[in-house]
There are 2 protein chains.
Amino acid sequence: VARVREQPLRADAARNRRALLDAATRVFGERGIEAPLDDIARSASVGNATLYRHFPTRCDLVGAVFAERMRDAVEAVERGLEEPDPWIGFRDYVVGLCRMQAEDVGLADVFISSVDAVGGELQELRARAYAGFTELAERAKRAGALRQDFSPDDMLVLLTANAGVTTRAGADARAESERLVSVFLDGLRAGPT
Amino acid sequence: VARVREQPLRADAARNRRALLDAATRVFGERGIEAPLDDIARSASVGNATLYRHFPTRCDLVGAVFAERMRDAVEAVERGLEEPDPWIGFRDYVVGLCRMQAEDVGLADVFISSVDAVGGELQELRARAYAGFTELAERAKRAGALRQDFSPDDMLVLLTANAGVTTRAGADARAESERLVSVFLDGLRAGPT
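Residues numbered from 1 in each chain as written. Chains lettered and ligands numbered in written order. Predicted model: local features only at pLDDT ≥ 70, side-chain atom pairs only at ≥ 80, totals over all residues. Heavy atoms only, no water.

This part covers the pattern of salt bridges. Scanning the model with the defined rule gives 30 salt bridges over all chains in all. When the shortest N-O distance is used, the salt bridge between aspartate 12 of chain B and arginine 15 of chain B registers 2.9 Å. Note that aspartate 12 of chain B and arginine 15 of chain B are positioned in helix 1 (residues 2–31) at a spacing of 3 residues, about one turn of the helix. Classification of aspartate 12 of chain B by relative accessible area gives partly exposed; the value is 34%. The partner of arginine 147 of chain B in a salt bridge is aspartate 149 of chain B, and the shortest N-O contact between them spans 2.8 Å. Residue arginine 147 of chain B is classed as buried on the basis of its relative accessible area, which comes to 15%. One salt-bridge network, held together by shared partners, links Arg147, Asp149 and Asp154 of chain A together with Arg179 and Asp186 of chain B. (Salt bridge = Lys/Arg side-chain N within 4 Å of Asp/Glu carboxyl O. Helix = DSSP H or I, 4+ residues; strand = E, 2+ residues; numbered from the N terminus. Buried < 20%, exposed > 50% of the residue type's maximum accessible area, 1.4 Å probe, protein only.)

Structure, rendered in structure tokens:
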């Protein structure tokens, strides 16, 4: 009997957790990872106590939200590695990651922040995305499509630059971000030497 | 007799004004144009009253400081137009402007801010720098060195991106800024079509 009673509670808890993650994704995405937790609870239509029961600290909530986004990044890297044309695989990943970042102020923080600032699963996923990206870049170099002096640090330069554009530029932020990424990629493309 | 007495006062006033401009250049450059004016007076070794006598409002001080930097930009554009090789003239100006910006947080604000946010001489100088840059770009396009779809707005994209790198990146900010500018310029260079 106890188990039967537990089921609806669990379903309720799962629903609240989902609502909190969706609200936090939206609020962190708009206002960065320092946005007030109260606003997230309100936006999820749950009380603060429910929020704290699911995510005792801000770090837990940030970790859960961005682990989801980072899983998207890992999937995007894997799609890139399956693309037959090494340049297209590399380019599409760079474009997609910068687009994800442009839509989500918080994601920029997570990608750029030092290793210590993110923990657990998020850190592990970020390491997987990084390793996959390194392989994408090596493959494009071997094919002669990517300049030989490319370093994965260049991707951090682009992400930092893109964060500047997406947070500083006004209404044109998306168009400016796309132009930045497009010109930067043209600069990374190996010339016909 | 009145004129003789006036001379030393004027020299003193000129010295204070110079000290205030130097201090404001340093403080705005490190901390942006919203830095406390008290700190600028202290750094110039003058009292607040002296600061307010020379520059009644923050806007006056910002205008005076950045008019000097903008004059440097106008001179750099003119040097670029004198360079026989249109690509080198264009490239050197872009590199120089981004370097000025990397060294001066406040300058980024002034370049990127809307027309209304800066007034008087500063606005006029910025318009001259902009017009000169447009001519630099047209010249490089005519020579077939700059991609035909280049627009002066691309320079704003680069400056905004560079502001992101110089304010977000840590100790490596200068190296990251140089890499950003270098790859972006390679992307702007017209291919051998």
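Let's shift gears to the interface of chain A and chain B. The interface is formed by 24 residues belonging to chain A together with 24 residues belonging to chain B. Summed over both partners, the interface of chain A with chain B comes to about 2,000 Å²; 60% of that surface belongs to carbon and sulfur atoms. One can count 6 salt bridges joining chain A with chain B. For arginine 147 of chain A, the salt bridge is made with aspartate 186 of chain B, and the minimal N-O distance between the two is 2.9 Å. Here chain A and chain B share 6 residue pairs in polar contact (both at pLDDT 80 or more) between them. (Contact = heavy atoms within 4.5 Å. Buried area = accessible area lost by both parts, 1.4 Å probe. Polar contact = N/O pair within 3.5 Å; in protein donor to acceptor, adjacent residues only side chain to side chain.)

Further remarks concern the environment of phenylalanine 184 of chain A. With respect to the helices and strands, phenylalanine 184 of chain A occurs in helix 9 (residues 173–188). Classification of phenylalanine 184 of chain A by relative accessible area gives buried; the value is 1%. For the pair phenylalanine 184 of chain A and aspartate 154 of chain A, spaced 30 residues apart in the sequence, the C-alpha separation amounts to 9.9 Å. In this structure phenylalanine 184 of chain A touches Asp154 and Leu158 of chain A together with Leu180 and Val183 of chain B, once residues within four positions along its chain are discounted.

Overlay of chain A on chain B (RMSD 0.0 Å): rotation 180°, translation along the axis 0.0 Å. The superposition of one copy onto the other is thereby described by a two-fold rotation axis. The fraction of interface residues of chain A whose copies in chain B are also interface residues reaches 100%, indicating that both copies meet through the same surface. (Least-squares fit on C-alpha atoms with pLDDT ≥ 70 in both.)

Attention now goes to the packing of helix 5 (residues 86–102) of chain A against helix 9 of chain A. Geometrically, a packed helix pair is captured by the angle between its two axes and the distance between the axes. Residues and elements named next belong to chain A. At a closest axis distance of 10 Å, the pairing of helix 5 and helix 9 adopts a crossing angle of 155°. Regarding the angle of helix 5 to helix 9, the classification is roughly antiparallel. Helix 5 and helix 9 meet at a crossing whose hand is right-handed. Between helix 5, through Trp87, Phe90, Arg91, Val94, Val95, Cys98 and Ala102, and helix 9, the contact on the second element is made entirely by Ser177, Val181, Leu185 and Leu188. (Axes fitted to C-alpha atoms, helices over the stretch in contact; angles between N-to-C directions. Parallel < 35°, antiparallel > 145°, perpendicular 65-115°, else oblique. Left-handed = near helix turned anticlockwise from the far one by under 90°.)

Here we come to helix 5 of chain A. Side chains that are three or four residues apart share a direction in an α-helix, a result of its 3.6 residues per turn. Residues and elements named next belong to chain A. Helix length check: helix 5, at 17 residues, gives a terminal C-alpha distance of 24 Å against a target of 24 Å (1.5 Å per residue), a fit within 8%. Here helix 5 has its buried residues at Pro86, Trp87, Gly89, Phe90, Tyr93, Val94, Leu97, Cys98, Met100 and Gln101. N-capping of helix 5 is provided by aspartate 85, with a side-chain oxygen placed 2.8 Å from the backbone N of tryptophan 87. (Expected span 1.5 Å × (residues − 1).)

All names here are of chain A. All chains considered together, the criterion is met by 12 aromatic pairs over all chains. Centre to centre, the rings of phenylalanine 28 and phenylalanine 66 are 6.1 Å apart; their planes meet at 25°, and the pair counts as stacked. Taken together, the residues span a long stretch of sequence, with phenylalanine 28 in helix 1 (residues 2–31) and phenylalanine 66 in helix 4 (residues 58–82) at a distance of 38 residues. Of the two residues, phenylalanine 28 and phenylalanine 66, both sit in the buried class. Three or more aromatic residues joined by ring pairs make a cluster, and in this case those are Trp87, Phe90, Tyr93, Phe133 and Phe150. (Phe/Tyr/Trp six-rings, centres within 6.5 Å; stacked < 30°, edge-to-face > 60°.)

Right, let's talk about the packing of helix 4 of chain A against helix 5 of chain A for a bit. All names here are of chain A. Running from N to C, helix 4 and helix 5 point in directions that differ by 165°, and their axes come no closer than 8 Å. Overall, the two elements helix 4 and helix 5 adopt an arrangement that is roughly antiparallel. Considering only the axes of helix 4 and helix 5, their crossing is right-handed. Of helix 5, the residues touching helix 4 (which contributes Arg69, Asp72, Ala73, Ala76, Val77 and Gly80) are Gly89, Tyr93, Leu97 and Met100. Residue composition of the contact of helix 4 with helix 5, by class: 6 nonpolar, 2 polar and 2 charged. (Nonpolar A, V, L, I, M, F, W, Y, C, P; charged D, E, K, R; others polar.)

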